[in-house]
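Secondary and tertiary structure notes
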Amino acid sequence: MPRRSPDGPVGPYAFVFWNDDLDDDGVRAQLGELAGAGFVGVTLSARVGLSRRVGYLTPEYLRLVRVAVDECARLGLAVILYDEASYPSGSANGAVVARDPAFVARCLVPVTHDVVVPGGGGEVGGGEAGGGEVDYWRPALGRDLDARLLAVVARRDPEEGRDVTRDGAGVLLPVRAPGLVRLDLPPGAWTVTAVFDAASGGTIRGAHAEQDDGSALAPAAADLLHPGAVAAFLELTHDAYAAALGEHLGTTVVAMFTDEPFLLGRGHRPLARPYTPGLESEVAAALGVDVADVLRRLPALWDGGEETRPGGTDPDATGFVRAYDDAVRARLHRVYYDAQAAWCARHGIALTGHPAEPDDLGTAARMDWPGQDTVWRWVLPGDGSALEGPESTAPKVAASAARARGGAPAVTEVLGAYGWRLSLDEARWLLDWYLSRGVTTPVLHAFFASVRGGRAFESEPDLGRWNSWWPHLPPLVGYVRRVAELLAAAPPVWSVGVLSRPDAVPSGPVVRALLEAQLDFGYVDREDPDVAAGYAVLVDPADGVPGVVALKARLCAAGVPVVDAAPAAPDLRAVVLGGGAGYVFFHEGEEPVRTALRLPPLPDDACWWDPFTDGRRAVERDDDGRVVLVLERRRTLALVRAAGRPVATAATSATSAPTAPTAPTAPTAPTAPTEGHRVEVSGWRGVVARAVGDLAATQDDDGAAVPTVLGLGDWAREPALRRFSGSVRYTAEVDVPEGAGAARLDLGTVGDAATVCVDGVVVGHALTAPHVLDLAPGVLRPGRRTLEVLVSNSAANYYEGDRRPSGLLGPVALSW
């Protein structure tokens, strides 16, 4: 049976960066802001830039952690602890290696020597007998005094087309004092490879400004394959947190986050391959050969070229290299992840985080709450990256691993290092990309304690107070929370399993065909038959792209609910909620989706619920009885039952699950108001309401003055506001006639996000194009009404010097 994980709230968490000097009031103030924005929890992280006064894992640091967790308990925020100073995890900011230099990350490195032995034929060991004098070679790894010569192997030049061994391995040459190798080889061209066991030279990004990549003070990476090093890491980090937080573990503190452990560290030696002393014995045991046979094969580790992935292994490897990589992964799972998970289990919390690779299903599944990350603009709307390449698999890897663990929360670290040009439009798309694939616990990266100096440009953007669109983040947080809770209450039905290798799941044509046909799926480890048994149909990418029409017919015949859209809607992502609780439809494209859905029979009180506005509306059908769906870009709609009972009947439900959250009881609004009357709203007056940074410092033209009142238009064209990022509050008045009823407010072009009030009451948010709000009857009462629109532009204008369109550009129209 899959293991269930410790409980914890699903929904959005805020990744908090402690990247400067800190005090109690500042820590509490930031947490209060995040609680007010609607987050369910925070991930507390020391980050590059943390002051030396505070230090890392010092008494002062741990005291501040206690202050923060105490405050989170008061505010009702869950806490995920972060297990490293910056990243990657496992080194305790260098303290593991400082405790014992033998705990430094290690690797295998080759040094090669080409040899031509003259003569005509002969056997190994017959060099002098063949008439030539035998030479010696003293291999050396530069001036590394502690490098250990593990093996010296001679292999024929590939152009000779033959080898002296039947199995393709090389000749193991003995090493003689003081480190000499006697090149006693048969005639021919040879490549002799000396394989050294050495420190990888890799580091991590440390806690303090002078400990970043490239610095002589960057902390040394620890050997994550060494049980002693991992035990030291747990003692230095985890035990310190346990001592400081006591009763909070298992209550307020719900998980420990481990971040993409790199076996070699960052900036490691060229050609390094992961290693720890004794690994060759584990490879030999896996292959059923003796250790000498493993040593003879070691040069094959470099036959594929210099590059490896950050995890240090090659998912495309075969033969010996594959066996070596499998042994490395198995040891990492056992020594590092399982030790962390055991510690967490003893303290009543979950192990979460993400592995070094986005498509690594097997490693993600070692965590109680499997996770992945998407940062550095790896995935973007409209460029194909959502469906192609290893990064495109990250959401489904996390969700599939969580499903295999019995329905654990699936986690993502998302939005980090997307730059100050990240818009709420992009943020909404990325969050939907994860939610639509089953991830219920997104950790939004990041909320900076400080943007002093270069801190504004370390894995930017800040998503909080230092960003111009911070006033508009709460409605997006609320939306994510509602969708996550819906998915967690009624786990999606995945009837299709895509067979995958545990270390590199597939992307591309098969995945595209399924998702674009509204067929949700999970990745299935080929080596885990228990997980495979949970799917109605298994798809093997080795067999090519499946026929989706035939696949849907098979599922229907098996009694599985299927979504069928006509006309086809390749940008539409459909989620079938478990227990017959309904459906959720996400839009992954740029143009409106207009289609009709053939679904299992729906009850009369089924309704559309918009989890962003938290409003609902009636279901419309076409002449064939199909459900009509019109979905604008960056929009989501859920088809649920207004009375709180499941939408589908028991006969059409593939799984049982708790009933999902029901649609709210707000007044039902039509799909769109009947536009019998349309007026263009004019007379707008805008005043600066909030500025990022010092407004005066952004003015490059001493002769320019900030306008006292702004009208419609791009404020970035005003000389005094060229580099201004922040918010402007616009007001205008409109006369509403009797009987106006439901209305539509079209803000036209907005740069970038808007919040709308009527007579001082917030009535909606327009964070993405189209910036249109549908207002329920009664929102616009007859008479003269005051419209107020708070618009915030891109932070890139201030931080990057961009000139992105800013403000309420309009035209603004009201129709009813």
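Residues numbered from 1 in each chain as written. Predicted model: local features only at pLDDT ≥ 70, side-chain atom pairs only at ≥ 80, totals over all residues. Heavy atoms only, no water.

1. A look at the packing of aromatic side chains
Scanning all chains against the criterion turns up 22 aromatic pairs. Where tryptophan 715 meets phenylalanine 724, the ring centres are 5.3 Å apart and the plane angle is 45°; that geometry is what we call tilted. The class for phenylalanine 724 is buried, based on a relative accessible area of 1%. Above the plane of the ring of phenylalanine 521 lies lysine 396, whose end atom (NZ or CZ) is 5.1 Å from the centre. The side chain of arginine 428 reaches across the aromatic face of tyrosine 479, ending 4.0 Å from its centre. (Phe/Tyr/Trp six-rings, centres within 6.5 Å; stacked < 30°, edge-to-face > 60°. Buried < 20%, exposed > 50% of the residue type's maximum accessible area, 1.4 Å probe, protein only. Lys NZ or Arg CZ within 6 Å of the ring centre and 35° of its normal.)

2. Looking at helix H5 (residues 279-287)
If you check which residues of H5 are buried, you get Leu279, Glu280, Val283 and Ala284. The buried side chains of H5 occupy one side of the element, clustering within an arc of 140° when seen end-on. Exposed positions of H5 whose direction lies more than 90 degrees from the buried face are Ala285 and Ala286. Glycine 288 sits one or two positions beyond H5 and adopts a positive phi of about 70°. (Helix = DSSP H or I, 4+ residues; strand = E, 2+ residues; numbered from the N terminus. Arc of directions from axis to C-beta.)

3. Brief notes about the nonpolar core
Here is a general trend for soluble globular proteins: nonpolar side chains tend to be buried in one another's company. Among the nonpolar cores identified, the biggest contains 160 residues, and Trp18, Val42, Tyr61, Leu298, Tyr324 and Leu473 are the most heavily contacted of them. Ranked by the residues each element gives to this core, the list is headed by helix H7 (residues 319-346), at twelve residues. Setting aside anything within four residues of it in sequence, one finds leucine 298 in contact with Leu108, Leu150, Ala151, Val195, Phe320 and Tyr324. Core analysis: the second largest hydrophobic core is formed by 30 residues, Val681, Trp715, Leu745 and Leu775 among them. (Core = buried A, V, L, I, M, F, W, Y, C linked by side-chain atoms within 4.5 Å. Contact = heavy atoms within 4.5 Å.)

4. With respect to empty space enclosed by the protein
With the rule as written, the count across this model stands at seven cavities of 30 Å³ or more. Roughly 140 Å³ of volume is contained in the largest cavity. Together, 15 residues line the largest cavity, and Gly311, Arg329, Leu332, Glu357 and Asp360 are the ones closest to its centre. The element that contributes the greatest number of residues to the lining of the largest cavity is H7, accounting for three residues. Residues belonging to the lining of the largest cavity are distributed by class as follows: seven nonpolar, three polar and five charged. By volume, the second largest cavity is sized at about 90 Å³. Lining the second largest cavity are 13 residues, and of these Val493, Leu519, Asp520, Pro561 and Val576 lie nearest its centre. Split into classes, the residues belonging to the lining of the second largest cavity amount to ten nonpolar, two polar and one charged. (1 Å grid on protein atoms, 1.4 Å probe; cavity = no way out; pocket = protein on both sides within 12 Å on 5 of 7 lines; lining within 4 Å. Points joined across faces, edges and corners; volume = space filled by probe spheres on them. Nonpolar A, V, L, I, M, F, W, Y, C, P; charged D, E, K, R; others polar.)

5. Remarks on helix H9 (residues 394-404)
Burial within H9 is extensive, with nine of its eleven residues counted as buried. Within the sequence span of H9, burial applies to Ala394, Pro395, Lys396, Val397, Ala398, Ala399, Ser400, Ala401 and Ala402. Contacts made by the buried residues of H9 are with helix H8 (361-364), strand S14 (371-374), strand S15 (411-414), helix H10 (424-435) and strand S18 (521-525).

6. Overview of the confidence of the model for the protein
Caution applies to low-pLDDT parts of the model: their predicted coordinates are not meant to be read in detail. In this model, the protein carries a mean pLDDT of 92, and residues with pLDDT of at least 70 account for 92%. The low-confidence segment residues 648-671 (pLDDT under 50) makes 61 contacts with residues lying over four places distant or belonging to another chain. (pLDDT = per-residue confidence, 0-100.)

7. So, the pairing of strand S2 (residues 41-46)
With six of its six residues buried, S2 lies for the most part within the structure. Both faces of S2 are covered, namely the face carrying Gly41, Thr43 and Ser45 and the face carrying Val42, Leu44 and Ala46. Of the strand pairs in this sheet, strand S1 (residues 13-18) and S2 are connected by six bridges, and their pairing is parallel. When the bridges of S2 are listed, tyrosine 13 appears paired with glycine 41. In this region the chain leaves S1, passes through helix H1 (residues 24-36) and returns to the parallel neighbour S2; the handedness of that crossover is right-handed. With five bridges connecting them, S2 and strand S3 (residues 78-85) associate as parallel partners. Bridged to valine 42 within S3 is valine 79. (Pairing = 2+ DSSP bridges. Right-handed = clockwise from strand over helix to strand, strands pointing away.)

8. Re the sheet that holds strand S6 (residues 148-156)
Ordered by their spatial adjacency, five strands build an open sheet running S7-S6-S10-S4-S12, and the pairing between neighbours is antiparallel. The open sheet has two edge strands, strand S7 (171-172) and strand S12 (273-275), and neither has a second partner. Relative to strand S10 (residues 188-199), S6 runs antiparallel, the two sharing eight bridges. What sits directly across from alanine 151, in S10, is valine 195.

9. Brief notes about the sheet that holds strand S26 (residues 627-631)
Across the sheet, three strands lie side by side as S20-S23-S26; this open sheet has antiparallel pairing. Because the sheet does not close on itself, it has two edges, and the strands there are strand S20 (564-566) and S26. Direction aside, neighbouring strands of the sheet carry axes that sit 35° apart on average. Two strands pair when backbone bridges link them, and strand S23 (residues 593-598) and S26 are joined in this way by five bridges, in the antiparallel orientation. Within S26, the position partnered with leucine 597 by the bridge is valine 627. (Axes fitted to C-alpha atoms, helices over the stretch in contact; angles between N-to-C directions.)

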